[in-house]
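Topology and contacts: notes
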Amino acid sequence: MKSILKKAVAYSVFSSLAIVPLVLVATPASAQPAGLQGSYLGAGLSVGVTNDSHGDSNDLGGNVQGRFDIPQAPVSVRGAALFNGDSTALMPIVTYDLPVSDRANLYAGAGYSFVTSDTAASPLGDRDAVVLTAGAEGEVARNVVLYGDAKLGLDAYRDSSDAAVSLQLGAAYRF
């Protein structure tokens, strides 16, 4: 139970921090903000905040993330690769995008994580798992997007039913 609470607190704290880019890019309120439009591809840091049952750390790594915008719909198709020196987790994800300004969105969604190594943990666990994500994205300069999110891999470790939590921050080129 303590483990679940600890993960929930970590997830909540990072989700709050993910809103920082929105504050930086927010514009005065309008009737209905358009939100961040367009697709992007970016890279950044990934931090696994959980460990496997053997206590093996999968803390620091990187991420490559992309967003494919579906025009006239509040959803996006995303892809993410979270990696460290030992393993990679590849994820297709579908999100619901909530515009908060003309240049920023909050998003939440679900997908699946495919882990590439049978012997080592990625930043999001050491086995394939259902993934939930929540984050924020905002354009800070012409075609430059900052993003931050948290990913929760359900039952993401081989030797236990524990969830894995990973936090991502990055910058992307919007096209």
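Residues numbered from 1 in each chain as written. Predicted model: local features only at pLDDT ≥ 70, side-chain atom pairs only at ≥ 80, totals over all residues. Heavy atoms only, no water.

The full count for this structure, using the stated rule, is 10 salt bridges. Among the salt bridges present, the one from D97 reaches R67, with a minimum N-O distance of 3.3 Å. Separated by 30 residues along the polypeptide, D97 in strand β4 (residues 88-101) and R67 in strand β2 (residues 60-69) bring together distant segments of the chain. You can call R67 buried: its relative accessible area is 4%. For R78, the salt bridge goes to D97, with nearest N and O atoms at 3.2 Å. Of this pair, R78 sits in strand β3 (residues 75-83) while D97 is found in strand β4, placing the two residues 19 residues apart along the sequence. In this pair, the class of R78 matches that of D97, namely buried. (Salt bridge = Lys/Arg side-chain N within 4 Å of Asp/Glu carboxyl O. Helix = DSSP H or I, 4+ residues; strand = E, 2+ residues; numbered from the N terminus. Buried < 20%, exposed > 50% of the residue type's maximum accessible area, 1.4 Å probe, protein only.)

As a further point, take the side chain of N105. One can find N105 in strand β5 (residues 104-115). Within the structure, N105 has its side chain in polar contact with the backbone nitrogen of L36 (distance 3.1 Å). (Polar contact = N/O pair within 3.5 Å; in protein donor to acceptor, adjacent residues only side chain to side chain.)

Within the element layout of this structure, E139 appears in strand β6 (residues 129-141). Only 2.9 Å separates the side chain of E139 from the backbone nitrogen of N143, close enough to count as a polar contact. At 2.7 Å, the side chain of E139 forms a polar contact with the side chain of R174.

The next point concerns the pairing of strand β8 (residues 164-174). The buried fraction of β8 is high, at eight of 11 residues. Alignment of strand β1 (residues 40-48) against β8, held across nine bridges, turns out to be antiparallel. Bridging across to β8, V47 finds its partner in L167. Pairing analysis gives 10 bridges linking strand β7 (residues 144-154) to β8, with the strands arranged antiparallel. Directly across from D149, in β8, lies its bridge partner Q168. (Pairing = 2+ DSSP bridges.)

Counting all residues, the mean pLDDT for the protein is 86, and 78% of those residues have values of 70 or more. In this model, residues 20-24 is a region of pLDDT below 50 whose contacts with residues beyond four sequence positions or in other chains number seven contacts. (pLDDT = per-residue confidence, 0-100. Contact = heavy atoms within 4.5 Å.)

Our next topic: the sheet that holds β4. Working definition: the strands of a sheet are paired by backbone hydrogen bonds and lie parallel or antiparallel to each other. Around the barrel, which closes on itself, the eight strands sit in the order β1-β2-β3-β4-β5-β6-β7-β8 with antiparallel pairing between neighbours. Geometrically, the sheet is characterised by an average inter-axis angle of 25° between neighbouring strands, direction not taken into account. (Axes fitted to C-alpha atoms, helices over the stretch in contact; angles between N-to-C directions.)

A word on the pairing of β3. As paired strands, β2 and β3 are joined by eight bridges and run antiparallel to one another. Note that in β3 the partner of G66 across the bridge is G79. Following β2, the chain reverses through five residues before pairing antiparallel with β3; Q72 in that reversal takes a positive phi of roughly 65°. As judged from the nine bridges shared by β3 and β4, these two strands associate in the antiparallel manner.

Its identity is not glycine, yet N143 carries a phi of approximately 65°, on the positive side. Looking at the element boundaries, N143 is found in the loop between β6 and β7. By relative accessible area, which is 17% here, N143 ends up buried. You will see that D155, though not glycine, has its phi angle at about 50°, which is positive. Take D155: it is sitting in the loop between β7 and β8. You can call D155 partly exposed: its relative accessible area is 31%.

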